[in-house]
Amino acid sequence: MKIEDVKSVAIIGAGNMGHQLALLSAMRGYETTCTDVNSEILKKAGDFADGYLRGRVEKGKLSAEDAEKARGRLRFTGSLKEAVEKTDYVIEAAVESLEIKRKLFADLDAFAPPHAILATNSSRIVSSRIANATRRPGKVCNLHFFNPALVMKLVEVVSAPHCDEDTVAVS
């Protein structure tokens, strides 16, 4: 897979980092789905996106047309399967628990298309501790965005021996 092949992104977790990553992805032109197990957090994420885009337009940083297009590319769902079943790239931004991440990556592996890359935004849990929970360890990597993701223009891609060269190149 090449970066040009990535058309859709799924963000897992709508908390502080997840909702920013979802909005950033949609603003960069990707069809984006954000999911979370907590419906209240999902609603807050949608409200944040609406307010952020409106504020960018009011400040003259974004045209109303671009804001509308970005919001049209962004959707929220409580269903993990629905969020990832047609995606090209998954970014997990869930709680920092190895047990939870391993379970989540096993589910992502089952639900996401075989070509999809599965990335964790974790800064402290390396992908080598998660990759073997999937049948695609070569497509698992760390993709660590710095907070606040909508402001910081810095992303750390962490390769590991299990990562395919294409996974690192696309990330």
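Our structure is the block above this text.
Here is what the cut-offs are and how they apply
Within each chain, residue numbers correspond to sequence positions counted from 1 in written order. pLDDT decides what is reported in this predicted model: residues at 70 or higher carry local features, side-chain atom pairs at 80 or more are listed and counted, and totals for whole chains, interfaces and linings draw on all residues regardless. Calculated side-chain values reflect all of the structure's heavy atoms, with hydrogen atoms and water omitted. Patch definition: residues above 30% relative accessible area lacking any salt bridge, with like charges linked at up to 9 Å and the nonpolar side chains Val, Leu, Ile, Met, Phe, Trp and Tyr linked at up to 5 Å. Computed with a 1.4 Å probe, the accessible areas rest on the Shrake-Rupley method; for each residue, only the protein chains presented here act as cover. We count a salt bridge whenever a side-chain nitrogen from Lys or Arg sits within 4 Å of a carboxyl oxygen from Asp or Glu. Numbering of helices and strands starts at the N terminus; helices are DSSP runs of H or I of at least 4 residues and strands are runs of E of at least 2. Exposed residues in this analysis have more than 50% of their type's maximum accessible area, buried residues have under 20%, and partly exposed residues fall in between, with area computed by a 1.4 Å probe over protein chains only. Note on ring pairs: Phe, Tyr and Trp rings are taken, using the six-membered ring of Trp, and paired if centres are within 6.5 Å. Classes follow the plane angle, with under 30 degrees stacked, over 60 edge-to-face and the rest tilted. Pairs of N or O atoms within 3.5 Å make up the polar contacts considered here, provided that, within protein, one atom can donate a hydrogen while the other can accept it, and that residues adjacent in sequence are counted only when both atoms are side-chain atoms. A contact between two residues is defined here by any heavy atoms of the two lying within 4.5 Å. For two strands to be treated as a pair, DSSP must find at least two bridges joining them. Note on geometry: axes are lines fitted to C-alpha atoms, helical ones only across the stretch in contact, with angles between N-to-C directions running from 0 to 180 degrees. In this text, buried Ala, Val, Leu, Ile, Met, Phe, Trp, Tyr and Cys residues form a nonpolar core when linked through side-chain atoms within 4.5 Å. The length a helix should cover is 1.5 Å for every residue beyond the first.

Quick notes on a nonpolar patch on the surface
Phase 1: Taken together, the side chains of Val151, Met152 and Leu154 define a hydrophobic patch exposed on the protein surface, amounting to about 270 Å² of accessible area.
Phase 2: With respect to the helices, strands and loops of the structure, Leu154 is situated in the loop between strand S6 (140–145) and strand S7 (155–158).
Phase 3: Owing to a relative accessible area of 43%, Leu154 belongs among the partly exposed residues under this scheme.

Description of the packing of aromatic side chains
Phase 1: Within this structure, the stated rule accounts for 1 aromatic pair.
Phase 2: Judged by centre distance (5.7 Å) and plane angle (25°), the ring pair of Phe48 and Tyr52 falls under stacked. Taken together, the residues span about one helical turn, with Phe48 and Tyr52 both in helix H2 (residues 39–58) at a distance of 4 residues.

Re the pattern of salt bridges
Phase 1: Counted under the stated rule, the structure contains 11 salt bridges.
Phase 2: As a salt-bridge pair, Glu92 and Lys101 come within 2.3 Å of each other at their nearest N and O atoms. The residues Glu92 and Lys101 share a single accessibility class, namely buried.

Quick look at the side chain of Ser8
Phase 1: Locating Ser8 in the fold gives a position in strand S1 (residues 8–12).
Phase 2: Overall, Ser8 belongs to the buried group, its relative accessible area being 14%.
Phase 3: At 3.3 Å, the side chain of Ser8 and the backbone oxygen of Lys86 are in polar contact.

A closer look at unusual backbone geometry
Phase 1: Note the cis peptide between Asn147 and Pro148, where omega equals 0°.
Phase 2: Looking at the element boundaries, Pro148 is found in the loop between S6 and S7.

Notes on the environment of Leu104
Phase 1: Mapped onto the elements of the fold, Leu104 is located in helix H5 (residues 98–111).
Phase 2: Among all residues touching Leu104, those that are not within four sequence positions of it are Ile12, Leu80, Glu92 and Ala94.

Observations concerning the environment of His19
Phase 1: Examined against the element boundaries, His19 turns out to sit in helix H1 (residues 16–27).
Phase 2: Excluding residues within four positions of it along the chain, His19 makes contact with Gly13, Ala14, Ala45 and Phe48.

Topic: the sheet that holds S1
Phase 1: Overall, mixed pairing links the 7 strands, which are arranged S3-S2-S1-S4-S5-S6-S7 in an open sheet. Unpaired on one side and paired on the other, strand S3 (74–77) and S7 mark the two borders of the sheet. On average, adjacent strands in this sheet sit at an angle of 25° to one another, irrespective of strand direction.
Phase 2: Pairing of S1 with strand S4 (residues 89–92), which is carried by 4 bridges, proceeds in the parallel orientation. Looking at the pairing, Val9 lines up with Tyr89 of S4.
Phase 3: Of the strands in this sheet, S1, strand S2 (31–35), S3, S4 and S6 touch H1, which is tilted by about 165° from S2.
Phase 4: Of the strands in this sheet, S2 and S3 touch H2, which is tilted by about 165° from S3.

Digging into the nonpolar core
Most often, soluble globular proteins have nonpolar side chains that are buried together.
Phase 1: Residues Ile11, Leu21, Leu23, Tyr89, Ile91 and Phe145 are the most contacted members of the largest nonpolar core, which totals 33 residues.
Phase 2: Elements represented by at least two residues in this core include exactly S1, H1, H2, helix H3 (64–72), S4, strand S5 (117–120) and S6.
Phase 3: At 6 residues, H1 tops the list of elements feeding residues into this core.
Phase 4: Setting aside anything within four residues of it in sequence, one finds Ile11 in contact with Gly18, Leu21, Ala22, Thr32, Thr33, Cys34, Thr35 and Ile91.
Phase 5: Formed by 16 residues, the second largest nonpolar core is a distinct cluster that contains Ile12, Phe105, Ile125 and Ala131.

Focus on H1
Side chains three or four residues apart in an α-helix point the same way, a direct result of the helix having 3.6 residues per turn.
Phase 1: Between the first and last C-alpha of H1 there are 17 Å, a value that for 12 residues agrees with the 16 Å anticipated at 1.5 Å per step.
Phase 2: Of all the residues in H1, the buried ones are Met17, Gly18, His19, Gln20, Leu21, Ala22, Leu23, Leu24, Ser25 and Ala26.

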